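Breakdown of the fold
Next come the chains, spelled out residue by residue.
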Amino acid sequence: MRFTSIIPALALTLGAAADQEWHFGDVVYMGPTSGSNYIKKVTYSVTAPPVPTDFSQSDCWASIWIGISASQSDNSVPLMQPIFNWAPDNAAQGCPAANNAWCVAASTLLPDGQTDEPYVAVANNQQVDFEINTVSSGTVSQNVSIDGNVISSITNKNIGKNPTYFIAADECFTGKCGTLASYTWENVVITLATADKNFGATLSMDGASSKGFTTSDNGLTWKGAITFNKDVFA
Ligand SMILES: *[C@@H]1O[C@H](CO)[C@@H](O)[C@H](O)[C@H]1NC(C)=O
């Protein structure tokens, strides 16, 4: 999801009582890459925080994700974003996890909407590992793995411009998900198509912290971690 309401017509129908829009919480960006450079590969791991406990709208829906895109905010530009989702009634959203746990799936926001692979339940405190890879120009693959086994993957071809932005965010549909505890995206490794010593300086954070990204190969590969602050959707 990104920045705009997915069902504005419904919000109008229901009036002020029920908010039916995605709300951004904490958000982190790196990029854009310069010139014709692009993000070749991103790998990272996370142990998702406990699911929110004090939600106040029963159809709320929380997500946390890292993605790559050729745009920071344009929904007509694909966003490859393997995604964790949780809802008070997970089953109603197609997530087979218990209601105290998250689901995860390879997922892409395309101009005509979100394409999710089937949701996979994630045990509490389970580390999940990710790879998003521009395998050839205009083609991006995602792999989601647990204990070395790929549990969800998707490949998007003809995405247009290669990804130039790294984006990480938490979001809440309805804005009433309650409190999302702090969590850390670990072992984040961003590999560019060509070396750029200045890429690390593009890190910008709102509601998150990081010791920064460092390179030991003159800017081809960047390593770091990002801690998202506790976020309250109330
Ligand atoms: C995804 O996993 C499959 C199976 O392990 C592997 O063949 C492929 O190279 C991986 N692709 C990416 C983009 O990680």
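Our structure's up above, just so we're on the same page.
This write-up is about the structure you can find in this document. (Residues numbered from 1 in each chain as written. Predicted model: local features only at pLDDT ≥ 70, side-chain atom pairs only at ≥ 80, totals over all residues. Heavy atoms only, no water.)

**Re the site of the ligand**
Every residue close to the ligand is listed here: Glu 131, Asn 133, Ser 141, Asn 143 and Val 150. In this structure, Glu 131 approaches the ligand through a side-chain N or O atom, which is 3.1 Å from an oxygen atom. When the ligand sits alone it has 360 Å² of accessible area, and the protein chains cover 46% of it. The set of elements that each furnish at least two residues to the shell around the ligand consists of β10 (127–136) and β11 (139–146). (Near = heavy atom within 4 Å. Polar contact = N/O pair within 3.5 Å; in protein donor to acceptor, adjacent residues only side chain to side chain. Areas by Shrake-Rupley, 256 points an atom, 1.4 Å probe, with all protein chains shown as cover. Helix = DSSP H or I, 4+ residues; strand = E, 2+ residues; numbered from the N terminus.)

**Considering the state of the cysteines**
Summed over the entire model, instances satisfying the criterion amount to 2 disulfides. A sulfur-sulfur separation of 2.0 Å characterises the disulfide bridge that pairs Cys 95 with Cys 103. Here the disulfide of Cys 95 and Cys 103 is right-handed, its torsion about the S-S bond being about 90°. On the basis of relative accessibility, which here comes to 4%, the residue Cys 95 falls in the buried class. (Disulfide = S-S within 2.5 Å. Buried < 20%, exposed > 50% of the residue type's maximum accessible area, 1.4 Å probe, protein only.)

**Structural notes on the side chain of Thr 33**
In this structure, Thr 33 sits in the loop between β1 (22–30) and β2 (39–47). Looking at Thr 33, the relative accessible area reads 7%, which means it is buried. Separated by 2.8 Å, the side chain of Thr 33 and the backbone oxygen of Asn 37 make a polar contact. Once you skip the residues sitting within four places of it in the chain, Thr 33 turns out to touch Tyr 38, Ile 39, Thr 164, Leu 192 and Phe 199. (Contact = heavy atoms within 4.5 Å.)

**Details of the nonpolar core**
Phe 84, Trp 102, Phe 130, Phe 166, Trp 185 and Ile 190 are the most contacted members of the largest nonpolar core, which totals 46 residues. Top contributing element to this core by residue count: strand β15 (residues 183–192), with 5 residues. (Core = buried A, V, L, I, M, F, W, Y, C linked by side-chain atoms within 4.5 Å.)

**So, the side chain of Asp 26**
In this structure, Asp 26 sits in strand β1. It turns out Asp 26 is buried and unbridged, and the closest side chain with the opposite charge, Lys 230, is 11 Å from it. Excluding residues within four positions of it along the chain, Asp 26 makes contact with Ala 168, Ala 169, Asp 170, Asp 206, Gly 207, Phe 228, Asn 229, Lys 230 and Asp 231. (Lys, Arg positive; Asp, Glu negative; His and termini not counted. Salt bridge = Lys/Arg side-chain N within 4 Å of Asp/Glu carboxyl O.)

**Some words on the packing of aromatic side chains**
Centre distance and the angle of the planes are the two values used to describe a pair of aromatic rings. Scanning the model with the defined rule gives 11 aromatic pairs in all. When the centroid spacing of 5.6 Å and the interplanar angle of 80° are considered together, the rings of Tyr 44 and Trp 185 count as edge-to-face. With Tyr 44 in strand β2 and Trp 185 in strand β15, this residue pair connects regions lying 141 residues apart in the sequence. Ring geometry for Tyr 183 against Phe 228: centres 5.3 Å apart, planes inclined by 20°, an arrangement best described as stacked. On the criterion of sequence distance, the pair formed by Tyr 183 in strand β15 and Phe 228 in strand β18 (residues 221–228) is long-range, its members being 45 residues apart. The buried category is assigned to Tyr 183, whose relative accessible area is 3%. (Phe/Tyr/Trp six-rings, centres within 6.5 Å; stacked < 30°, edge-to-face > 60°.)

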